[in-house]
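The residues making up each chain are set out below.
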Amino acid sequence: MNPLTNMKNVLKLSEQDLQQGVGKKSWHDMYRDSAWIFVAGFPYNLSEGDIICVFSQYGEVVNINLVRDSKTGKSKGFCFLCYEDQRSTVLAVDNLNGIKIMERTLRVDHVLDYKPPKENEKMDEETLRLYMEGCAPRPQMGDVKTEKKEYRNKFKGK
């Protein structure tokens, strides 16, 4: 399907959701298990940082895969982007699909089953680690027993 037609169909679905009102199932619900979105149509000279700047207004971006030409390393004009919170994908799809950036129309859509790229011999160790683990901050999980003891001891002396 033509990317422009696809973009218009997504906008129509969002309009229908608004007209149906609260309480009805949204077409976004089928993507509730994926925090990944597909972004296409942006200018080739935008970097990962530029794309993150645009998309971070709707949530914390934790991973991005800007697809590049294997020989030249130049962007192919599309990427896959992962948010920390899946609800951010709904905001991004609804608000950024169809906007123009530098005279180019963006296509933004949900991705149901995205798998980050496999290991590559050309990747350095740090890049490979980011692909495997993502770049989101990890939650600090302390030892619960130790924390309880410290808490009790803190108030025991008073």
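Residues numbered from 1 in each chain as written. Predicted model: local features only at pLDDT ≥ 70, side-chain atom pairs only at ≥ 80, totals over all residues. Heavy atoms only, no water.

1. Quick look at the overall build of the chain
For the chain, the helix and strand inventory stands at five helices and six strands. Along its sequence from the N terminus, the chain presents helices and strands in the succession α-β-α-β-β-α-β-β-β-α-α. The buried share of the chain, taken over its 158 residues, is 33%. A fraction of 63% describes how many contacts in the chain between residues 6 or more apart in sequence connect residues 24 or more apart. Summed over its atoms, the accessible surface of the chain is roughly 11,400 Å², and 52% of this surface lies on carbon and sulfur atoms. (Helix = DSSP H or I, 4+ residues; strand = E, 2+ residues; numbered from the N terminus. Buried < 20%, exposed > 50% of the residue type's maximum accessible area, 1.4 Å probe, protein only. Contact = heavy atoms within 4.5 Å. Areas by Shrake-Rupley, 256 points an atom, 1.4 Å probe, with all protein chains shown as cover.)

2. A few points about the nonpolar core
One broad trend across soluble globular proteins is that nonpolar side chains are buried collectively. Membership of the largest hydrophobic core comes to 21 residues, with the highest contact counts inside it found for Ile37, Val39, Phe42, Ile51, Phe55, Leu81 and Val108. Breaking this core down by element, the ones donating at least two residues are strand 1 (36-40), helix 2 (48-55), strand 2 (61-68), strand 3 (75-83) and helix 3 (87-96). For Leu81, the contacting residues outside a window of four places in its chain are Ala35, Trp36, Ile37, Ile51, Phe55, Val61, Asn63 and Ile64. (Core = buried A, V, L, I, M, F, W, Y, C linked by side-chain atoms within 4.5 Å.)

3. A few points about the sheet that holds strand 6 (residues 107-110)
Reading across the sheet, the four strands line up as 2-3-1-6 and stay open at both edges, with antiparallel pairing between neighbours. Because the sheet does not close on itself, it has two edges, and the strands there are strand 2 and strand 6. Ignoring strand direction, the axes of neighbouring strands in this sheet form an average angle of 20 degrees. Where strand 1 lies against strand 6, four bridges are found, and the strand directions are antiparallel. Paired with Ala40 across the strands is Arg107, a residue of strand 6. The strands that helix 2 touches are strand 1, strand 2, strand 3 and strand 6; relative to strand 2, the one it contacts most, it runs at about 135 degrees. Each of strand 1, strand 3 and strand 6 is contacted by helix 3, which is oriented at about 150 degrees to strand 6, the strand it contacts most. (Pairing = 2+ DSSP bridges. Axes fitted to C-alpha atoms, helices over the stretch in contact; angles between N-to-C directions.)

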